[in-house]
Amino acid sequence: MEEMVFFDSAKESVTKFFETEFENFPPLLMSNFLNKFNDILNYSEEGSSIKPKIIFTDNIESVVRIIPKSHIITLFEDEEPTMFNSRMKSILAIAKREWCFFIDIKENKISYGIVMSFGSIKDKNFLQQLEENTTLKDRPTKIHCITAHPLNFYSMTFHSITGNNLVVNFALDKSKYHSLATEIREFVDVVFSKLRTTQRKLQDMKNMYKNIFSHVMEDVNGALCVVVDKDYKDTGLFEDGIWLKEPISFSKLFTQSKSYSEEKLQAFADLFINMLNFDGITIVDNLGRIRAYNVFVEPNSKKVGYIVGGARKRAAYFILSSKRKGIEGVYFQSHEGEVFFQALKSKPAPKQKKTVEKIEEN
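Okay, so let's go over this structure. (Residues numbered from 1 in each chain as written. Predicted model: local features only at pLDDT ≥ 70, side-chain atom pairs only at ≥ 80, totals over all residues. Heavy atoms only, no water.)

Examining the packing of helix 8 (residues 199–219) against helix 10 (residues 262–277)
Relative to each other, helix 8 and helix 10 sit at 45 degrees, their axes nearing to 10 Å. Put simply, helix 8 runs oblique to helix 10. By crossing handedness, the relation of helix 8 to helix 10 is classed as right-handed. Here helix 8 contributes Met-208, Tyr-209, Ile-212, Phe-213, His-215 and Val-216 to the contact with helix 10, which in turn contributes Leu-265, Ala-269, Phe-272, Ile-273 and Leu-276. In terms of residue class, the contact of helix 8 with helix 10 is made up of ten nonpolar, one polar and no charged. (Axes fitted to C-alpha atoms, helices over the stretch in contact; angles between N-to-C directions. Helix = DSSP H or I, 4+ residues; strand = E, 2+ residues; numbered from the N terminus. Parallel < 35°, antiparallel > 145°, perpendicular 65-115°, else oblique. Left-handed = near helix turned anticlockwise from the far one by under 90°. Contact = heavy atoms within 4.5 Å. Nonpolar A, V, L, I, M, F, W, Y, C, P; charged D, E, K, R; others polar.)

Quick notes on the pairing of strand 14 (residues 327–333)
The buried fraction of strand 14 is high, at seven of seven residues. Here strand 10 (residues 223–228) pairs with strand 14 via six bridges, running antiparallel. Bridge pairing in strand 14 links Val-228 to Ile-327. When strand 14 meets strand 15 (residues 339–343), the two strands line up antiparallel, connected through five bridges. Paired with Val-330 across the bridge in strand 15 is Gln-342. Between the antiparallel neighbours strand 14 and strand 15 lie five residues, among them Gly-337 with a positive phi of about 105 degrees. (Buried < 20%, exposed > 50% of the residue type's maximum accessible area, 1.4 Å probe, protein only. Pairing = 2+ DSSP bridges.)

Thoughts on the sheet that holds strand 14
Adjacent strands of a sheet pair through backbone hydrogen bonds, lying either parallel or antiparallel. Strands sit in the order 11-13-12-10-14-15 across an open sheet of six strands; the sheet is mixed. At either margin of the open sheet sits one strand with a lone partner, and together these are strand 11 (240–249) and strand 15. Between one strand axis and the next, the sheet turns through 15 degrees on average, direction left out of account. Of the pairings in the sheet, the one linking strand 10 to strand 12 (residues 281–285) comprises four bridges and is parallel in character. Bridge assignment links Val-227 to a residue of strand 12, and that residue is Val-284.

Digging into the layout of surface pockets
Estimates place the volume of the largest pocket at around 820 Å³. Looking at the lining of the largest pocket, the elements that each hand over two or more residues are helix 6 (126–132), strand 8 (155–160), strand 9 (165–169), helix 7 (180–191) and helix 8. At seven residues, helix 8 tops the list of elements feeding residues into the lining of the largest pocket. Among the residues forming the lining of the largest pocket, the class breakdown is eight nonpolar, eleven polar and ten charged. (1 Å grid on protein atoms, 1.4 Å probe; cavity = no way out; pocket = protein on both sides within 12 Å on 5 of 7 lines; lining within 4 Å. Points joined across faces, edges and corners; volume = space filled by probe spheres on them.)

A look at the side chain of Arg-291
Here Arg-291 is to be found in strand 13 (residues 289–296). The exposure class assigned to Arg-291 is buried, which follows from its relative accessible area of 9%. In this structure the side chain of Arg-291 is engaged in a polar contact, spanning 3.2 Å, whose partner is the side chain of Asp-285. Apart from the residues within four sequence positions on either side, Arg-291 is in contact with Val-228, Asp-229, Lys-230, Tyr-232, Ile-242, Trp-243, Leu-244, Pro-247, Ile-283, Val-284 and Asp-285. (Polar contact = N/O pair within 3.5 Å; in protein donor to acceptor, adjacent residues only side chain to side chain.)

Notes on the nonpolar core
Ranked by internal contacts, the top residues of the largest apolar core, which has 37 residues, are Phe-187, Tyr-209, Ile-212, Phe-213, Phe-250, Phe-272 and Tyr-331. Of all the elements in the fold, those that place two or more residues in this core are helix 7, helix 8, strand 10, helix 9 (250–254), helix 10 and strand 15. No other element matches the eight residues that helix 8 contributes to this core. Residues contacting Phe-250, with those up to four places away along its chain left out, are Met-205, Met-208, Tyr-209, Ile-212, Leu-265, Phe-268, Ala-269, Phe-272, Gly-288 and Ile-290. Core analysis: the next-biggest nonpolar cluster, separate from the first, contains 36 residues, Phe-33, Leu-34, Ile-103 and Met-116 among them. (Core = buried A, V, L, I, M, F, W, Y, C linked by side-chain atoms within 4.5 Å.)

Notes on the packing of aromatic side chains
Counted under the stated rule, the structure contains 30 aromatic pairs. Centroid distance Phe-18 to Phe-33: 6.2 Å. Interplanar angle 50 degrees. Geometry classified as tilted. Of the two residues, Phe-18 is situated in helix 1 (residues 8–21) and Phe-33 in helix 2 (residues 27–35); the sequence distance between them amounts to 15 residues. Comparing Phe-18 with Phe-33 shows no difference in burial state: the two are buried. (Phe/Tyr/Trp six-rings, centres within 6.5 Å; stacked < 30°, edge-to-face > 60°.)

Quick word on a nonpolar patch on the surface
Judged by side-chain polarity, Ile-73, Leu-75 and Ile-94 come together as a nonpolar surface patch covering roughly 220 Å² of accessible area. Within the secondary structure, Ile-73 is located in strand 4 (residues 70–78). Exposure remark for Ile-73: the relative accessible area of 30% places this residue in the partly exposed category. (Patch = residues over 30% accessible without salt bridge, like charges linked within 9 Å, V, L, I, M, F, W, Y side chains within 5 Å. Areas by Shrake-Rupley, 256 points an atom, 1.4 Å probe, with all protein chains shown as cover. Salt bridge = Lys/Arg side-chain N within 4 Å of Asp/Glu carboxyl O.)

Describing the sheet that holds strand 4
Taken in spatial order, the seven strands of this open sheet run 4-6-5-3-7-8-9, and their pairing is mixed. Both outer strands of the open sheet, strand 4 and strand 9, are each paired with one neighbouring strand and no more. Each neighbouring strand pair of the sheet contributes to a mean axis angle of 20 degrees, computed without reference to strand direction. Where strand 3 (residues 54–57) and strand 5 (residues 100–105) come together, four bridges link them in parallel fashion. Bridge pairing links Phe-56 to Ile-103 in strand 5.

What follows is the structure, encoded as structure tokens:
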């Protein structure tokens, strides 16, 4: 007896979402997009995985005007959506990092191109600003806009300017699904839990970390990052690794001077990504400082139990089960895009000094 299982419910949900949020969306374009759905989830160029950020709209000019420092490059213009597959393949290869792939749908013309905002690494990117903006929703002249973004190999999220969201998840194990934005936000909150500064500067720091880890999701095959207390002194768990003699403090790179160097900040952000992409664990503390990288632990199978996954995932669960003082949380990301952050309510390590790092006001 043969049983066949299809994901028709996902197709119906996506179609219904577009029908509700984007009036008169071309049926042929919808069909072409759904036919390429799986290819977009698993898109890669020369062995490098690409998670494209796609914008469907009927007024890209208005969308761009509301996002500061944004720039648009139109690459193709067609009368019909028959060329969608070809246009998508040509553009997705270059729509990396902060560049978004847009499809602008007018009555007699469909335009394809890329768009991004040229802000600082401590600013929210184009897609984040677009999805959080309420100006388009409140305009007298109605504008339709839907964003689509693969989260990993098996799920894609859709967002409309009306504030509605849809997540399509093909993972057979529901426990595998975690909201990327939520996991990174919770991780970042713990990373800066001991940093004392103004609310504006703290938000800049958090935005920067969120942007870095968004790039990690796109550019790094897998990552394991452990957050420790600012006064943490390793007693052997993380001895097999490279500990920096002077921790890299992003706060000191740009918040203690009136004119910080964007180039220097970007260079250290890239260095951080390289460390996360290197074998082993990267360790940061709750002042947002990089403390160590290329760290290895030897998981105790009896303590961890049976874990489905590779060495990185086993190491993550081993650290979580160790209950060592001063370990604040563990961020895990797999090659397939599974991601989670788990905070630990551990007792702080013995304090070496009573103060926390405080950023002086300009």
